[in-house]
Amino acid sequence: MGKGYRIMELLADRAELESEPMPAQPIIEIAGEQRILVENHRGVSAYSTEKVVINVEFGTICVCGCGLRLFRMTKEQLVIRGRIDTVSLQRRNGK
């Protein structure tokens, strides 16, 4: 994340605006236990029926479960279906 992003974030905090995602920030939507949508991803670095690792701007998102499959993947969105047990975020150092 660049300096401009941090300035925009500080201005939003000072203005006490709703916490809306900043441009290019990943958005993760979990629908029940069977579907997850990730917007603004940077590709998949690992994929199996038990674990999907998704690259995002500041690290990775790890989805674990059973019978996982990439249902749809476009440049902007990624949809995973299957039984979702856990979703975790791993930040890269310094971000």
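Residues numbered from 1 in each chain as written. Predicted model: local features only at pLDDT ≥ 70, side-chain atom pairs only at ≥ 80, totals over all residues. Heavy atoms only, no water.

Novice: Can you walk me through the overall build of the chain in this structure?
Specialist: For the chain, the helix and strand inventory stands at one helix and six strands. In the chain, the succession of helices and strands from N to C terminus is α-β-β-β-β-β-β. Per-residue burial over the chain gives 26% buried out of 95 residues. Contacts spanning at least 24 positions in sequence make up 41% of the contacts within the chain whose residues lie at least 6 apart. Counting only carbon and sulfur atoms, one obtains 51% of the accessible surface of the chain, whose full area is about 6400 Å². (Helix = DSSP H or I, 4+ residues; strand = E, 2+ residues; numbered from the N terminus. Buried < 20%, exposed > 50% of the residue type's maximum accessible area, 1.4 Å probe, protein only. Contact = heavy atoms within 4.5 Å. Areas by Shrake-Rupley, 256 points an atom, 1.4 Å probe, with all protein chains shown as cover.)

Novice: I keep staring at the pairing of strand β1 (residues 27-31) and nothing clicks. Help me out?
Specialist: Within a regular strand, the side chains alternate between the two sheet faces. In this structure, β1 lies alongside strand β2 (residues 35-39), joined through five bridges in antiparallel fashion. Bridged to Glu-29 within β2 is Leu-37. (Pairing = 2+ DSSP bridges.)

Novice: Even after reading the chapter, I still don't get the pattern of salt bridges, so can you show me in this structure?
Specialist: Note that side chains of opposite charge can pair when their charged atoms are close. All chains considered together, the criterion is met by two salt bridges. Taking the shortest distance from any N to any O, the salt bridge between Asp-85 and Arg-83 comes out at 2.9 Å. On the accessibility criterion, Arg-83 (40% relative accessible area) is partly exposed. (Salt bridge = Lys/Arg side-chain N within 4 Å of Asp/Glu carboxyl O.)

Novice: Even after reading the chapter, I still don't get a nonpolar patch on the surface, so can you show me in this structure?
Specialist: Side chains of Ile-28, Ile-30 and Val-87 sit close together on the surface and give an oily, nonpolar patch of about 230 Å² of accessible area. Considering the arrangement of structural elements, one finds Ile-30 in strand β1. The class of Ile-30 is partly exposed, set by a relative accessible area of 48%. (Patch = residues over 30% accessible without salt bridge, like charges linked within 9 Å, V, L, I, M, F, W, Y side chains within 5 Å.)

Novice: I'm lost on the environment of Val-52 in this one. Help?
Specialist: Looking at the secondary structure, you find Val-52 in strand β4 (residues 51-56). Residues Val-52 and Cys-64 lie twelve residues apart in sequence; the distance between their C-alpha atoms is 6.6 Å. Among all residues touching Val-52, those that are not within four sequence positions of it are Val-44, Ala-46, Tyr-47, Ile-61, Cys-62, Val-63, Leu-68, Leu-70 and Ile-80.

Novice: Even after reading the chapter, I still don't get the side chain of His-41, so can you show me in this structure?
Specialist: Mapped onto the secondary structure, His-41 falls in the loop between β2 and β3 (44-47). For His-41, a relative accessible area of 10% corresponds to the buried category. A distance of 3.0 Å separates a polar atom in the side chain of His-41 from the backbone nitrogen of Gly-43. Polar side-chain contacts of His-41 include one of 3.5 Å to the backbone oxygen of Gln-77. (Polar contact = N/O pair within 3.5 Å; in protein donor to acceptor, adjacent residues only side chain to side chain.)

Novice: How should I be thinking about the nonpolar core in this particular structure?
Specialist: Across soluble globular proteins, nonpolar side chains have a tendency to be buried as a group. With twelve residues, the main nonpolar core is built from Ile-36, Val-38, Val-52, Ile-54, Val-56, Phe-58, Ile-61, Val-63, Leu-68, Leu-78, Ile-80 and Ile-84. The set of elements that each furnish at least two residues to this core consists of β2, β4, β5 (59-73) and β6 (77-91). (Core = buried A, V, L, I, M, F, W, Y, C linked by side-chain atoms within 4.5 Å.)

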